[in-house]
Amino acid sequence: MNRKLIAAATAAVTAAGLTIAVALTTSATAADTADPAVLAAMARDLGISSDQARERLDAEKVAGQTDAALKSRLGPAYAGSWLDSTGRTLTVAVTDPALASAVRSRGAAATTAKHSASALDSAKTKLDAKATTAPDAVPGWYVDVRSNKIVVLARAGGEDQARAWAAESGLRGDIVAFEASTEDPKPLIDVIGGNAYGVPGGGRCSIGFAVEGGFVTAGHCGATGGRTSNPGGTIQGSSFPGNDYAWVRTDAGNTPRALVNRYPGTVPVAGSQEAPVGSSVCRSGSTTGWRCGTIQQKNASVTYPEGTITGLTRTNACAEPGDSGGSWLTGDQAQGVTSGGSGNCQTGGTIYFQPLTEILQVYNLRLVTSAGPTTTTPPTSTTTTTTTPPGGGGSWAPYTNYANGAQVTYGGATYRVIQPHTSVPGWEPPNTPALWQRL
């Protein structure tokens, strides 16, 4: 390397504060079990090749493990972590420069930061405590580990209100920043993502992930004690606003599976290793199918018309009404369930999901994964159902198990199943375009 290149490299290191970026090397095989459709969706939405998608999944698996180990090792000096745009370089921030070598020894890049991760979270808690007084001009706020600040979003003309509110909440100085925003977040409700289920009072939402005894979903889909249909169950716990999660104990005869619907087909759920900021993430929704993006920030708060939700993960993966409550995965690792957001899949958007780990901890639930067996409860219902195979024909009927590709007639027209389901009154083909395609 010549002297000019050495000087340039040294300047870059100095400007960064500590280190050069060290690309993560990986011997992991996260992509070996990745569904081809997941890889294709990543390639489409992230603008990469299928091979690059495989490499990214492998690197992200190592990054998640490395980040967890360093977070434990660094303790109060840990100031957050993130992956670069390629998903291959993990940067870990530390408040003590003497610990940079510990970061680099694990193959990650190190940088210094003024505020620890715990300090940032504590500062954001002050805003969360004042959520009910947030001005209409503030659609949300979040911890941004890259800038080492709490970012408060402000709509056009509302920055002064945002600053005044942050100051009244106790946030001043270099720990808070303000960013112009056009977000207009709303919960994605009265629709389906993942597998459809009926919500209390009518309408539909989506199953997030199977847990022992039932499934988790979005809290705005129903209150505690409410009854669901297809599968039938009772909402055991629900939190919205404040949080956006719920869990449903399903009736006997329903079997939780370690799978997520990808329209068509399924992908396995192997675990719930949390992915770092910058990781790719894909979600399932019946309106827009599989869509992928990256994790932008964690510990984000967003204000819907119903109130403020805290502790969400902010992404640039698109979603639309109909995708509410759906599943979010990085590779085969469960990340969370769809809450809501802004935009659409034509122009892009900002979508938030409720992290899965908190839901499991709050309700003491166990995620059903492909690594372990699931318990099948013999059905006790006296309702007789029939299964219609693909191309089976016949007239549409309620309480019938329709397989993917099955065809029926209704009202003189022919329809084909695009999502397997058990029919119920009100879900006739013309009323449920997410389940049926008219031929």
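These figures come from a predicted structure and were not determined experimentally.

Participant: Got a minute to help me understand the pairing of strand β4 (residues 140-144) in this structure?
Facilitator: Where burial is concerned, most of β4 is hidden: 5 out of the 5 residues are buried. Because side chains alternate across β4, one face comprises the buried residues Gly-140, Tyr-142 and Asp-144, and the other comprises Trp-141 and Val-143, equally buried. Alignment of β4 against strand β18 (residues 289-304), held across 4 bridges, turns out to be antiparallel. Each residue of the ladder has a partner; that of Tyr-142, found in β18, is Ala-300. In the sheet, β4 pairs with strand β5 (residues 149-154) via 4 bridges, with the strands oriented antiparallel. Residue pairing across strands places Asp-144 opposite Lys-149, the latter belonging to β5. Adjacent in sequence and paired antiparallel, β4 and β5 are bridged by 4 residues, among which Asn-148 carries a positive phi angle near 60 degrees.

Participant: Could you clarify how one ought to interpret the sheet that holds strand β12 (residues 227-228) in this entry?
Facilitator: Adjacent strands of a sheet form backbone hydrogen bonds with each other and so pair up, either parallel or antiparallel. Judged by pairing direction, the sheet is antiparallel, and its 5 strands sit side by side in the order β10-β11-β14-β13-β12 without closing on themselves. Either end of the sheet is taken by a strand with one partner, and the two such strands are β10 (209-211) and β12. In this sheet, strand β13 (residues 233-239) lies alongside β12 in antiparallel orientation, the contact comprising 2 bridges. By the bridge assignment, Thr-228 is partnered in β13 with Gly-233. Contacting β10, β11 (214-217), β13 and β14 (245-250), helix α7 (residues 356-363) crosses the sheet at an angle of about 55 degrees to β14.

Participant: I tried to follow the side chain of Thr-288 on my own but got confused; where do I start?
Facilitator: With respect to the element layout, Thr-288 can be found in the loop between β17 (280-285) and β18. Residue class for Thr-288 comes out buried when judged on its relative accessible area of 12%. Within the structure, Thr-288 has its side chain in polar contact with the side chain of Arg-283 (distance 2.3 Å). Within the structure, Thr-288 has its side chain in polar contact with the side chain of Asp-323 (distance 2.8 Å). With residues near it in sequence (within four places) discarded, Thr-288 still touches Arg-283, Ala-319, Glu-320, Asp-323 and Cys-345.

Participant: Would you mind showing me how to read the pattern of salt bridges here?
Facilitator: Between side chains of opposite charge, a pair can form when the charged atoms approach closely. In the structure shown here, the tally under the stated rule is 11 salt bridges. Close ionic contact of Asp-251 with Arg-227 constitutes a salt bridge, the shortest N to O distance being 2.8 Å. One end of the pair, Asp-251, is in the loop between β14 and β15 (259-261); the other, Arg-227, is in strand β12, and 24 residues separate them in sequence. Classification of Asp-251 as partly exposed rests on a relative accessible area of 32%. Classification of Arg-227 by relative accessible area gives partly exposed; the value is 43%. The partner of Glu-274 in a salt bridge is Lys-298, with the nearest N and O atoms 2.7 Å apart. Linking Glu-274 in the loop between β16 (266-268) and β17 with Lys-298 in strand β18, this pair joins segments that are 24 residues apart in sequence. With a relative accessible area of 45%, Glu-274 lands in the partly exposed category.

Rules behind the numbers
- Residues numbered from 1 in each chain as written.
- Predicted model: local features only at pLDDT ≥ 70, side-chain atom pairs only at ≥ 80, totals over all residues.
- Heavy atoms only, no water.
- Buried < 20%, exposed > 50% of the residue type's maximum accessible area, 1.4 Å probe, protein only.
- Helix = DSSP H or I, 4+ residues; strand = E, 2+ residues; numbered from the N terminus.
- Pairing = 2+ DSSP bridges.
- Contact = heavy atoms within 4.5 Å.
- Axes fitted to C-alpha atoms, helices over the stretch in contact; angles between N-to-C directions.
- Polar contact = N/O pair within 3.5 Å; in protein donor to acceptor, adjacent residues only side chain to side chain.
- Salt bridge = Lys/Arg side-chain N within 4 Å of Asp/Glu carboxyl O.

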